[in-house]
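Here is what each chain is made of, one letter per residue.
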Amino acid sequence: MKIGTKMTQKRPYGTWDSPISVDDLTARTVTLSQLRVDRDATMWVEGRASQGGRNVLLRRGRVGITEEVLPMIEGTILPDVRTRVHEYGGRAYAVHEGVIVFSHAGDDRVYKFDLNDQTPGIIPLTELSNRRYGDFHIADVRDVVYAVCEDHTAEGEPKNYLVSIPLDGSGAREPERVKTLYDKTDFVAAPTLSPDGTKLAWLTWNHPHMPWTCAKLHVASITFEGDIDQMVTVVGQKDVAVYEPRWTDAGDLIHVDDSSGWANLYRTEGFEWHEGEDLNAWTTRLRTRRLHPSQKAFSHPHWQLGLHSFDNLDDEHLICSWAEGPYWHLGTVRLDNGQLETWHTDWHPVGNVASYNGRVVMLADSDTRTPAIVQIKNGEVSELRSSTWTDLPERVISKPEPIEWPTGDGEISHGYYYPPASPTFTAPEGELPPLIVMIHGGPTSAARPGLTLSQQFWTSRGFAILDVNHRGSTGWGRPYRERLNGHWGEMVVSDAETGVQYLVEKGLADPKRIAIRGGSAGGFATLLALATSKTFTAGTSLYGIADLAAMVKETHKFESHYIGRLVGSSDLSDPIWAEKSPINHIENIAAPLLLLQGSEDRVVPPSQALMMKDALEKLGRTVELKIYEGEGHGFVRSDTIQDALLTELDFYKHAWGIASAK
């Protein structure tokens, strides 16, 4: 990408030539995730759209060389480090002193590769079956790796277990060696072994809950044979969510829960063993206290396995990230008294935070830099790996403006406004920019203010963006998030509408050119907005929900009861299900609609998009549907991402009569 030195030209919004191409978003961009440290090495997974969405495990050693870690499986197959547990996946590998355990997306098997002894190559640890594994924790002291197993071998809903897998590979030859440790709940997650190897902690939850609405934290003694012995539920209150159990080096257990209304840190002590006492005496003396009571969120809903928002920094401190207001922050919390100290850098944490021997690495971004792996060592901040190789001068960047606005019913909603930005073009005098209102997925998720090329793709072409953190979003405490329960749909649409009104009144958007777009739950909000509001004059739904009752019957286990909580009823015969479904308000949709869908989507099946298209076509409405073969819930391939963006750009231009520049 090159930026010229031409004088500023006047050209209508939406027709500006942009230095950001679709290649910048694919061939020159990767997604970064699953950041971990292994002593002095830093490891992470890169999702590469240019390689069909393959997830590659990378390692940066002490000398600063970054390289792909894993050789080919059986000499011919490129490893794809990914798990399909809960469909959304997450933590697909673990590393401990050079030993790597990972899930390969091609067959869902678990494999091991030892950097200390590479001669055997990649060794399978599980048999080929209809079981998926993830959320790995290597326990070399017991010669096993703990994991979540999602078993699809039987008909009906899959089963979720906590298992131990032998590290010697015997489980691949003798499947019975893969031991089921706990199977008494609908879901399990986050297994973690104490430093002395005697106690295992993990999370559980049951239908109809999601892990961020009500979950439990358990700790159990492990017998010499590796079985669970005596178990204690450390956190098990009604409607309290628990996140990220993690042991300190001294053997205390840290976790996050939202019993106070905010996702705060807690420390549980008393696990030590004293000579002469019963091995399970610890169960009678546990004491838990909140480390830093505050209106801060030290974790976020675990849509994916393997959250890692904090880590041990040293014997006295945790290194933590937290949401406070519109931004995420980094700092330390003392283990003895909970004192918090903010580390002021130009970066905002966006994912995993990990530490070893005082060195801290994190996934982070800023208003002017795309997501990157950032290191803090001896007070020096450095960027180890960027998610993009596109050189984006600051004068091209549209910086987010955190805003809040009244919702119309006495409350406040939040978001970020991105104005059009270009070093080369300005709009004719008096013209207002077209606005794209972005609704995040989940809906229990959150928009973030860091630099993303996918948003700059629009602003650099002369579009404004409103990225909405409607009520129900994460980061403003449990009450704000739970405002959506029973009000999903209409509350999201209302918050988007009042946000648009706020910008229009300030002269920041053209009221005749307002689009709404989103994926999954954001796609549902898009469809409902077009059906119930006259504010929006175009809409793009990416794998959005059209019929809520049909969706529940077809969707996967993880979310099969989630919609009932959001709708406010678990009874599918309740009229509210039909009332909230966009397909039942199809006659009210007058604005043009673009539907983008993956053919292999197991979360929101293609039938949802097809029913919308067919119904709108029968009414003679303007609707376009593109189904991308081989794509699932979220597009990962270069050709799909590029075509979807260019299709959406052309769609808005046609809908609003924006002529292409000559």
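What you see is a predicted model; the values in this text were computed from it and never measured. (Residues numbered from 1 in each chain as written. Predicted model: local features only at pLDDT ≥ 70, side-chain atom pairs only at ≥ 80, totals over all residues. Heavy atoms only, no water.)

Q: I would appreciate a short explanation of helix 4 (residues 490-505) in the present structure.
A: Each α-helix turn comprises 3.6 residues. Residues three or four places apart therefore point the same way. For helix 4, spanning 16 residues, the distance from its first C-alpha to its last is 22 Å, which sits close to the expected 22 Å at 1.5 Å a residue. Along helix 4, the residues classified as buried are Met-491, Val-492, Val-493, Asp-495, Ala-496, Thr-498, Gly-499, Val-500 and Leu-503. Contacts from the buried residues of helix 4 go to strand 30 (401-406), strand 31 (412-418), strand 33 (435-439), strand 34 (464-469), strand 35 (514-519) and helix 5 (521-532). Gly-507 lies just past helix 4 and shows a positive phi near 75 degrees. (Helix = DSSP H or I, 4+ residues; strand = E, 2+ residues; numbered from the N terminus. Expected span 1.5 Å × (residues − 1). Buried < 20%, exposed > 50% of the residue type's maximum accessible area, 1.4 Å probe, protein only. Contact = heavy atoms within 4.5 Å.)

Q: I would appreciate a short explanation of the environment of Tyr-266 in the present structure.
A: Residue position: Tyr-266 is located in strand 20 (residues 264-269). Relative accessible area serves as the criterion here: at 9%, Tyr-266 is assigned to the buried category. For the pair Tyr-266 and Val-256, spaced ten residues apart in sequence, the C-alpha separation works out to 5.9 Å. Beyond its immediate stretch of four places on either side in the chain, Tyr-266 contacts Leu-253, Ile-254, His-255, Asp-257, Ser-259, Ser-260, Thr-288, Arg-289, Arg-290 and Leu-291.

Q: Could you clarify how one ought to interpret a negative patch on the surface in this entry?
A: Taken together, the side chains of Asp-140, Asp-143, Asp-168, Glu-174 and Glu-176 make up a negatively charged region of the molecular surface. Secondary-structure assignment places Glu-176 in the loop between helix 1 (170-173) and strand 13 (179-182). Under the relative-accessibility criterion, Glu-176 is labelled exposed at 60%. (Patch = residues over 30% accessible without salt bridge, like charges linked within 9 Å, V, L, I, M, F, W, Y side chains within 5 Å. Areas by Shrake-Rupley, 256 points an atom, 1.4 Å probe, with all protein chains shown as cover. Salt bridge = Lys/Arg side-chain N within 4 Å of Asp/Glu carboxyl O. Lys, Arg positive; Asp, Glu negative; His and termini not counted. Charge placed at Lys NZ, Arg CZ, Asp CG, Glu CD.)

Q: Mind showing me how you'd approach the layout of surface pockets here?
A: Over the atoms rolls a probe the size of a water molecule, and its path tells where empty space is left. Here the second largest pocket is characterised by a volume of approximately 1300 Å³. Around the second largest pocket, the lining comprises 49 residues; the ones closest to its centre are His-96, His-137, Arg-246, His-308 and Asp-311. Contributions of two or more residues to the lining of the second largest pocket are made by strand 2 (31-38), strand 6 (93-96), strand 10 (131-139), strand 14 (187-193), strand 15 (199-205), strand 18 (242-247), strand 22 (310-312) and strand 26 (348-356). Its residues assigned to classes, the lining of the second largest pocket shows 22 nonpolar, 14 polar and 13 charged. (1 Å grid on protein atoms, 1.4 Å probe; cavity = no way out; pocket = protein on both sides within 12 Å on 5 of 7 lines; lining within 4 Å. Points joined across faces, edges and corners; volume = space filled by probe spheres on them. Nonpolar A, V, L, I, M, F, W, Y, C, P; charged D, E, K, R; others polar.)

Q: Would you mind going over the pairing of strand 8 (residues 110-114) with me for this structure?
A: Look at any regular strand and the pattern is simple: side chains alternate between the two faces of the sheet. A large share of strand 8 lies buried, amounting to five of its five residues. Judged by which residues are buried, strand 8 turns out to be covered on both faces: Val-110, Lys-112 and Asp-114 on one side and Tyr-111 and Phe-113 on the other are all buried. The pairing of strand 7 (residues 99-103) with strand 8 spans five bridges and is classified as antiparallel. What sits directly across from Phe-102, in strand 8, is Tyr-111. (Pairing = 2+ DSSP bridges.)

Q: Honestly, the sheet that holds strand 30 in this entry has me stumped. Any pointers?
A: Sheets are built from strands paired through backbone hydrogen bonds, the pairs being either parallel or antiparallel. One open sheet accounts for eight strands, arranged 30-31-34-33-35-36-37-38; its pairing is mixed. This sheet does not close on itself; its edge strands, each paired only once, are strand 30 and strand 38 (623-628). Recorded for the sheet is a direction-independent mean angle of 20 degrees between the axes of neighbouring strands. Where strand 36 (residues 538-542) lies against strand 37 (residues 593-598), four bridges are found, and the strand directions are parallel. Looking at strand 37, one finds that Gly-539 is bridged to Leu-593. (Axes fitted to C-alpha atoms, helices over the stretch in contact; angles between N-to-C directions.)

Q: What am I meant to see in the packing of aromatic side chains here?
A: Each aromatic ring pair is specified by the distance between its two centres and by the angle formed by the two planes. Scanning the entire structure with this criterion turns up 24 aromatic pairs. Ring geometry for Trp-458 against Phe-463: centres 5.5 Å apart, planes inclined by 90 degrees, an arrangement best described as edge-to-face. What makes Trp-458 buried here is its relative accessible area of 1%. One aromatic cluster is present, formed by Tyr-88, Phe-187, Trp-205, Trp-212, Trp-303, Phe-558 and Tyr-562 through successive ring pairs. Over the ring of Phe-310 we find Arg-246; its NZ or CZ atom is 4.5 Å from the centre of that ring. (Phe/Tyr/Trp six-rings, centres within 6.5 Å; stacked < 30°, edge-to-face > 60°. Lys NZ or Arg CZ within 6 Å of the ring centre and 35° of its normal.)

Q: Teacher, can you tell me more about unusual backbone geometry here?
A: Among all residues except glycine, the phi angle is most often negative; among peptide bonds, the trans geometry is most common. The omega torsion of the bond from His-207 to Pro-208 falls at 5 degrees, within 30 degrees of zero and hence cis. One non-glycine residue, His-86, adopts positive backbone phi at about 65 degrees. In this structure, His-86 sits in the loop between strand 5 (66-68) and strand 6. Located in the positive-phi region is Asp-135, a residue other than glycine, with phi close to 60 degrees. Here Asp-135 lies in strand 10.

Q: What should I look at first to understand the UniProt feature "domain: Peptidase S9 prolyl oligopeptidase catalytic" (unreviewed entry) in the protein chain in this one?
A: With numbering matched to this structure, UniProt assigns "domain: Peptidase S9 prolyl oligopeptidase catalytic" (unreviewed entry) to residues 453-656. The distance separating the terminal C-alpha atoms of residues 453-656 is 24 Å; by composition the span is 44% helix and 14% strand. (UniProt positions renumbered as here; feature names shortened; annotations may be inferred.)

Q: Can you walk me through the sheet that holds strand 29 (residues 380-386) in this structure?
A: If you walk across this open sheet you meet the four strands as 26-27-28-29, and the pairing is antiparallel. Every other strand in the sheet has two partners, leaving strand 26 and strand 29 as the edge strands with one partner each. Strand-to-strand twist across the sheet, computed as the mean angle between neighbouring axes with direction ignored, equals 25 degrees. Here strand 26 runs beside strand 27 (residues 359-365); their pairing, made up of six bridges, is antiparallel. Considered in strand 27, the bridge of Tyr-356 is made with Arg-359.

Q: Can you help me understand empty space enclosed by the protein in this one?
A: Taken as a whole and judged by the stated rule, the model has five cavities of 30 Å³ or more. Forming the boundary of the largest cavity are 15 residues, of which Tyr-243, Ala-263, Ala-297, Thr-474 and Arg-481 lie nearest the centre. Among the residues forming the lining of the largest cavity, the class breakdown is six nonpolar, six polar and three charged.

Q: How should I be thinking about the pattern of salt bridges in this particular structure?
A: Two side chains with opposite charge may pair up if their charged atoms get near one another. Tallying each qualifying case throughout the model produces 40 salt bridges. Residue Glu-394 pairs with Lys-399 through a salt bridge whose shortest N-O separation is 2.7 Å. Judged by its relative accessible area of 47%, Glu-394 falls in the partly exposed class. Here the residues in one salt-bridge network are Asp-409, Glu-411, Arg-471, Arg-483 and Asp-495, joined through shared partners.

Q: Please explain the side chain of Thr-83 as it appears in this structure.
A: Relative to the helices and strands, Thr-83 is located in the loop between strand 5 and strand 6. Of the polar contacts made by the side chain of Thr-83, one reaches the backbone nitrogen of Val-85; its length is 3.2 Å. Side-chain polar atoms of Thr-83 contact the backbone oxygen of Tyr-133, separated by 2.7 Å. Look past the residues within four positions of Thr-83 in its chain and what remains in contact with it is Gly-89, Gly-90, Arg-91, Ala-92, Ser-103, Tyr-133 and Gly-134. (Polar contact = N/O pair within 3.5 Å; in protein donor to acceptor, adjacent residues only side chain to side chain.)

Q: How should the nonpolar core be read in this particular structure?
A: The nonpolar side chains of soluble globular proteins are, as a tendency, buried together. Of all hydrophobic cores here, the largest spans 110 residues; its most connected members are Leu-265, Leu-435, Val-437, Trp-488, Phe-536, Ile-563 and Met-612. By residue number, the principal contributor to this core is helix 5, which donates eight residues. In contact with Leu-265, not counting residues within four places along its chain, are Ile-254, His-255, Val-256, Arg-289, Arg-290, Leu-291, His-292, Phe-298, Phe-310, Leu-318, Cys-320 and Val-333. In this structure, Met-438, Ile-465, Ala-644 and Phe-651 belong to the second largest nonpolar core, which totals 32 residues. (Core = buried A, V, L, I, M, F, W, Y, C linked by side-chain atoms within 4.5 Å.)

Q: Even after reading the chapter, I still don't get helix 10 (residues 638-656), so can you show me in this structure?
A: For helix 10, spanning 19 residues, the distance from its first C-alpha to its last is 27 Å, which sits close to the expected 27 Å at 1.5 Å a residue. Those residues of helix 10 not exposed but buried are Ser-638, Thr-640, Gln-642, Ala-644, Leu-645, Thr-647, Glu-648, Leu-649, Phe-651, Tyr-652, Lys-653 and Trp-656. On its buried face, helix 10 sits against strand 33, helix 2 (453-459), strand 35, strand 36, strand 37 and strand 38. Phi turns positive, to about 65 degrees, at Gly-657, one or two residues after helix 10.

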